[in-house]
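# Architecture and fold: a report
Now for the letters of each chain:
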Amino acid sequence: MPSMSRFLIGMILLASLTSSQASVITVGQKDCDFYRIEAAIDSAVSGDIIEVQSGEYFVNLNITIPFLTLQGKDTGEGRPILRAGSSSADIEQSGNGMTEMVVKSGGTAIAIREFGCVVDGFDITGVTWPIPYGSGEHNDLIGNAAIRIYSDLNTISNNTFYGSDLTAIGLWNCSNNKIINNTIKDIPFGYGIELYNSHGNSIEGNLLLHNDWGIEMQRSDSNIIEGNEITDSINDAVRAVKCNFSIISGNTITGSGWESEYEGNGNGISLVGSMGLISNNLIHSNRGYGIYIESIFWNNYPADESYDNLIHRNKIRGNGKDGIRLEKSWQNSLWENNITANHGDGIRFTFSHNNTVESNKISKNEQGIYLDQSNYTKIANTTIADEEKSSILLWHCQQATIENCSLHNSSTGILLEESCTGNTLAANNISNSTEGINISGRSSDNSLLSNKIASCQIGITLAQSERNALKANEILQSRRGLVIDMLCRDNAIYGNNISSNGDLVWDEGSNSWDDGAKGNYYGRGDCEDSNRDGICDSPYFIPGGSNVDRYPLAI
């Protein structure tokens, strides 16, 4: 990242230049100062404006003057076109015993090596591998590009990039540049916009249509990607690798990955070993994940972690895989997202811990939220409906909290499988599901507290599980209230309202149906409470086995 002294020098130069009158140098076919842009640049000084009029210009420009403006002007024949390639026969080529001068084509159209420059109002095309091959001067990581930036405080605005093979705009080891209101389309190799080790840049209001990759950042921090429309990318729309403090906000991202030959590509937004804010984006109809976040591991040890991301108020729908997927990522917050009709799960965590999911609306996915071996997760105040399978599925998870969620019209409201332990399910409202809650697969020591379950085929199922506590839940208007299989033992069930169901309870295992003072309320018409202590005078024998509620509740 550039030093503060370099930044201050640039600001001082900018102030001094803007206080003096800039010269306007014209380039065009007639009645202009020059007919070649290179000649105009050679004559310019800092602060000058080079006005390029309508026409087509072959260019491999190298800007080494600070605060220079290249301004395209439509003089009646359309915007000026910059075509990558030499504007004169200045390349010597030898062969077959003779030497001739040839015109170079391809390569980079504009390289900006000084700060404070502006490129505005051009159509830029013809960017490909340079011919003769190897004649290009740009051989670093980002390769040839229509515009390449190596300096700070530049603005690239209102340009259209088309008819090129390679990256439109590449930023290399630079900062505080603005890429604004450009149109970039039909790039078959490379990126619409590529950043490498470039920080504090703004990419705003651009249209990127049908490019190989949309926007990629590598080792680039504190960049803003905002208000762009990124459509029909062949691979990913936005990808950040080893980038921190990124802001990706207010973008429309759609149709990525449908032409990719790689199964893993086609994501809307992908963060790899990165951290930032993803907010207020519309992400839909991509072949892969809507949002994908993962950490980088080497030999099972974290090398670059993705953590502490805030995913907020995005609309994510109709993607080919999960709406949001996190792998080996921690301490992320997912707030107020609307996630619907994705062909995978709404949200999926895999080996991802200490994450928070709150106040989201999720519907019509395979699973609403799927936690796969992901611990210490909090899911709260979230509405999930119409899922093909479970609203919330935990598989081999520990210490998760699911509270104050509304879960409706799914196969299962909450499903805990494969040795889930120490999880808390509290104050959730579950209705119109085949099963309200299912605890199975050797899951143990979980707490079900104050949940309201109604209009299900089975309110709560316990299968091959032990030492779970079911307290103060309401199970109403279901075909079967509470069903426990023969492999369950030492579960504690008390203080629950299990009335108004078809079959109230069934227990084939060995479990406790009271706490030694109070049991459960069954809505029995034959309950007598002669001393009015709130406890029925006679015990309630639990169907299915030999369990007894010694202190059934009268009210």
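Quick look at the structure, then. As the structure is a computational prediction, the values presented were derived from the model and not from experiment. (Residues numbered from 1 in each chain as written. Predicted model: local features only at pLDDT ≥ 70, side-chain atom pairs only at ≥ 80, totals over all residues. Heavy atoms only, no water.)

## As for the environment of N468
Relative to the elements of secondary structure, N468 occurs in the loop between β53 (458–463) and β54 (469–471). With 21 residues separating them along the chain, N468 and R489 place their C-alpha atoms 8.9 Å apart. Those residues in contact with N468 that lie beyond four places of it in its chain are I439, S443, S444, D445, N446, D490, N491 and A492. (Helix = DSSP H or I, 4+ residues; strand = E, 2+ residues; numbered from the N terminus. Contact = heavy atoms within 4.5 Å.)

## As for the side chain of S410
Looking at the secondary structure, you find S410 in the loop between β46 (406–408) and β47 (412–417). At 3.1 Å, the side chain of S410 and the backbone nitrogen of E387 are in polar contact. Residue contacts for S410: discarding those within four places in its chain leaves A385, D386, E387, K389, S390, S391, N432, S433 and T434. (Polar contact = N/O pair within 3.5 Å; in protein donor to acceptor, adjacent residues only side chain to side chain.)

## Overview of the packing of aromatic side chains
One pass over the structure, following the stated rule, counts 5 aromatic pairs. Ring geometry for F67 versus F115: centroids 5.3 Å apart, planes at 85°, classification edge-to-face. Of this pair, F67 sits in the loop between β4 (61–63) and β5 (69–72) while F115 sits in the loop between β9 (110–112) and β10 (118–120), and the two are 48 residues apart along the sequence. Accessibility assignment for this pair places F67 and F115 in one class, buried. The ring of Y150 has R113 sitting right over it, with the charged end atom 4.4 Å from the ring centre. (Phe/Tyr/Trp six-rings, centres within 6.5 Å; stacked < 30°, edge-to-face > 60°. Buried < 20%, exposed > 50% of the residue type's maximum accessible area, 1.4 Å probe, protein only. Lys NZ or Arg CZ within 6 Å of the ring centre and 35° of its normal.)

## Considering the pairing of strand β28 (residues 275–279)
The element β28 is extensively covered by neighbouring structure, given that 4 of its 5 residues are classed as buried. Here strand β25 (residues 244–249) pairs with β28 via 5 bridges, running parallel. Looking at the pairing, I247 lines up with L277 of β28. Relative to strand β33 (residues 310–312), β28 runs parallel, the two being bridged by 3 bridges. Bridging across to β33, S279 finds its partner in H312. (Pairing = 2+ DSSP bridges.)

## As for the pairing of strand β3 (residues 56–59)
The side-chain alternation of β3 yields one buried face, formed by Y57 and V59, and one unburied face, formed by E56 and F58. For β3 and strand β6 (residues 81–84), the ladder comprises 4 bridges, and the chain directions are parallel. In the sheet register, V59 faces β6, and the bridge partner there is A84.

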